[in-house]
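# Structural overview
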Amino acid sequence: MPRSPLALAALASVAVPGLDVYDVLRSPHADADFEVVVVKDSTGRRWIVRAPLRAAAGAALEAEKGLLGALGRAQEAGLVSFAVPHPVGAVELGRDEGRAVVYTEVRGAQLMLAALQPGPGLAASVGRSLAEIHELPIAVVEDQGLPSYTAEQYRERRLAELDAGIQTGKVPPRLADRWEHQLENVSWWRFDPTVVHGDMGEHQLFVADGSVSGIVDWMDARVADPADDLAWLVAAASEDVLDSVVEAYTVGRREMRDPHLLDRARLASEMALVRWLMYGVRTDNADVVADGEGMLADLEAMLFED
């Protein structure tokens, strides 16, 4: 059952002994998987409280805790320049409900993609931050027991996602044909897997003093295709902003140039609609299914204009 913000604030006080709660407000980042509130203590410091609403979300939250510790150590070692949330306490919610986790708040304000300008400033900082993630040792993820794929395994995973979507009868045939052709073009899929955030977007990036100050929501992290972390930019950024991000990203990578990085990023952005549709199918959420169908129809209309 959903918990009130006050109930979550009380849980935070249990999870972090000595935390003196002064105020609490519901976070805009609550979703179908998590309740999220922001708690202020008596000194004005802010803390984030997340409580899972499903067993799978609770398991993902636990896996993320270990990764955040590893990422914090990576920042201390100078491997990344951005901060991540630091888990400071957790409390059991009840039988089979998992645990609510309390985190420090990352400094800064959320990135607004629409306000991002091309050039050597913030856009370049975004590119450098993505490169830092992809240059991390893969052991940072693998040591936490998180998924790790070869390039071929990841291509097969994408094919399986497409097949599952097609079986629902809700994926337009022209889109299915387009994606199947791209997935079967093996020249696209010769890449070196890297650490990836896995759910990157403007809501996950925090900005302060003109550069990326923090990155949040690491529950989908894995070793996989670096193109996934660029998909949101390919889908929504202007061409000149994308160019600035990619230029800085390329400078920050040691790997030789990946000629199909943006091709796979575009494919990932399109196939995200299939994953959203399948989320609705798995959770038996008719509204999500309808939303997914509508977005797929809009994408088909845009890509195959008569």
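Analysis parameters
- Residues numbered from 1 in each chain as written.
- Predicted model: local features only at pLDDT ≥ 70, side-chain atom pairs only at ≥ 80, totals over all residues.
- Heavy atoms only, no water.
- Axes fitted to C-alpha atoms, helices over the stretch in contact; angles between N-to-C directions.
- Helix = DSSP H or I, 4+ residues; strand = E, 2+ residues; numbered from the N terminus.
- Parallel < 35°, antiparallel > 145°, perpendicular 65-115°, else oblique.
- Left-handed = near helix turned anticlockwise from the far one by under 90°.
- Contact = heavy atoms within 4.5 Å.
- Nonpolar A, V, L, I, M, F, W, Y, C, P; charged D, E, K, R; others polar.
- Pairing = 2+ DSSP bridges.

Turning our attention to the packing of helix α5 (residues 151-167) against helix α9 (residues 261-282). For the pair α5 and α9, the least separation of the axes is 10 Å and the interaxial angle reads 50 degrees. On the basis of the axis angle, α5 is oblique to α9. Of the two elements, α5 crosses α9, and the hand of that crossing is left-handed. In contact with Arg158, Glu161, Leu162, Ala164 and Gly165 of α5, α9 contributes Ala268, Met271, Val274, Arg275 and Met278. Looking at the contact of α5 with α9, its residues break down into 6 nonpolar, 1 polar and 3 charged.

If you trace the 5 strands from one edge of the open sheet to the other, you get β1-β2-β3-β5-β4, paired in antiparallel fashion. The open sheet has two edge strands, β1 (21-26) and β4 (87-94), and neither has a second partner. Sheet twist, expressed as the mean angle between neighbouring strand axes with direction ignored, is 25 degrees. Sheet topology places strand β3 (residues 46-52) next to strand β5 (residues 98-104); 4 bridges connect them, and they run antiparallel. Paired with Trp47 across the two strands is Thr104, which belongs to β5. Contacting β1, β2 (34-41), β3, β4 and β5, helix α1 (residues 5-15) runs over the sheet at an angle of about 120 degrees to β4. Its contacts with the sheet put helix α2 (residues 55-76) on β2, β3, β4 and β5, and the angle it makes with β5 is roughly 40 degrees.

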